[in-house]
Amino acid sequence: MRIALYQPDIPQNTGTILRMAACFGLPVDIIEPCGFALSDARMRRAGMDYIDHVDWSRHNSWERFLEQRTSARLVLLTTKADASLQDFNFEADDTLLFGQESAGVPEEVHNRADARISIPMQSGLRSLNLAVSASIAAWEALRQTGFNQGIPAHPNGGQA
């Protein structure tokens, strides 16, 4: 399981996602260009020292990401989805792809996704925060695929 961020706009969201990924042992792909420098202090502040514990890669373009991709399926989280999160069957080698906070992903990225899913929410509301969405989707994907390999199951093994 991997997380991929397509041209993220907000450094604090990226830092928070890197922190979450470190805690769950998920590698992260950051597809540039970003709306901020990856050395941005706001990103590092949100990720704290957890950023040093996550396996993350930079890809200077969408095309480069596709060339270097090793996962079997690309699962796009989008408000323009074919399926709902709770009805989707994740696989252990999926990459969960998230778009820009301001614009999502372009049509060419939609077309390359193997699946498009959304997180159910109240009608009339636009979307969840990117870091919140990534956390919800990652947890459900990991829950389905039995993620506690290497992560203590006991609550005192790792505190929330």
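Our subject is the structure that appears above.
Here the focus is the pattern of salt bridges. By the definition in use, this model includes six salt bridges. With a closest N to O distance of 3.2 Å, Arg 58 and Glu 32 form a salt bridge. With Arg 58 in strand β3 (residues 56-59) and Glu 32 in the loop between β2 (28-31) and α2 (41-47), the pair connects residues that are 26 residues apart, well separated along the chain. Glu 140 is the salt-bridge partner of Arg 143, the closest N and O atoms lying 2.8 Å from each other. Separated by three residues within a single helix, Arg 143 and Glu 140 lie in helix α5 (residues 130-145), roughly one turn from each other. You can call Glu 140 buried: its relative accessible area is 14%. Here the salt bridges do not stand alone but share partners, grouping Arg 73, Glu 91 and Asp 94 into one network.

This part is about the side chain of Asn 13. Position of Asn 13 among the secondary structure elements: in helix α1 (residues 11-24). Leave out the neighbours within four places in its chain, and Asn 13 touches Glu 101, Asn 129, Leu 130 and Ala 131.

With that settled, consider the sheet that holds strand β4 (residues 74-77). A sheet is described by the order of its strands in space; here seven strands give the open sequence β3-β2-β1-β6-β4-β7-β5, paired in parallel fashion. A single partner strand is all that each edge strand has here, and the edge strands are β3 and β5 (83-84). The sheet contact formed by strand β1 (residues 2-6) and β2 spans four bridges and is parallel. By the bridge assignment, Leu 5 is partnered in β2 with Ile 30. Contacting β1, β2 and β3, α1 runs over the sheet at an angle of about 175° to β1. This element, α5, spans β1, β4 and β6 (95-98) of the sheet and lies at about 165° to β6.

A separate point is unusual backbone geometry. Glycine aside, a negative phi is what most residues show, and trans is what most peptide bonds show. Residues Glu 32 and Pro 33 are joined by a peptide bond in cis, for which omega reads 10°. Among the secondary structure elements, Pro 33 is positioned in the loop between β2 and α2. Of note, the phi angle at Gln 7 is positive, near 45°, even though the residue is not glycine. Following the sequence through the fold, Gln 7 ends up in the loop between β1 and α1.

The next thing to look at is the packing of aromatic side chains. To describe a pair of aromatic rings, one takes the distance between the centres and the angle between the planes. By the definition in use, this model includes four aromatic pairs. Aromatic side chains Tyr 6 and Trp 62 sit 5.8 Å apart centroid to centroid with 75° between the ring planes, which places their arrangement in the edge-to-face category. With Tyr 6 in strand β1 and Trp 62 in helix α3 (residues 62-68), the pair connects residues that are 56 residues apart, well separated along the chain. You can call Trp 62 buried: its relative accessible area is 4%. Ring centres of Phe 88 and Phe 90 lie 4.9 Å apart, and the angle between their planes is 75°; this geometry places the pair in the edge-to-face category. By the burial criterion, Phe 88 is buried, and Phe 90 matches it. A connected cluster of aromatic rings, assembled from ring pairs, spans Tyr 6, Trp 62 and Phe 65.

Definitions and limits used
Residues numbered from 1 in each chain as written. Predicted model: local features only at pLDDT ≥ 70, side-chain atom pairs only at ≥ 80, totals over all residues. Heavy atoms only, no water. Salt bridge = Lys/Arg side-chain N within 4 Å of Asp/Glu carboxyl O. Helix = DSSP H or I, 4+ residues; strand = E, 2+ residues; numbered from the N terminus. Buried < 20%, exposed > 50% of the residue type's maximum accessible area, 1.4 Å probe, protein only. Contact = heavy atoms within 4.5 Å. Pairing = 2+ DSSP bridges. Axes fitted to C-alpha atoms, helices over the stretch in contact; angles between N-to-C directions. Phe/Tyr/Trp six-rings, centres within 6.5 Å; stacked < 30°, edge-to-face > 60°.

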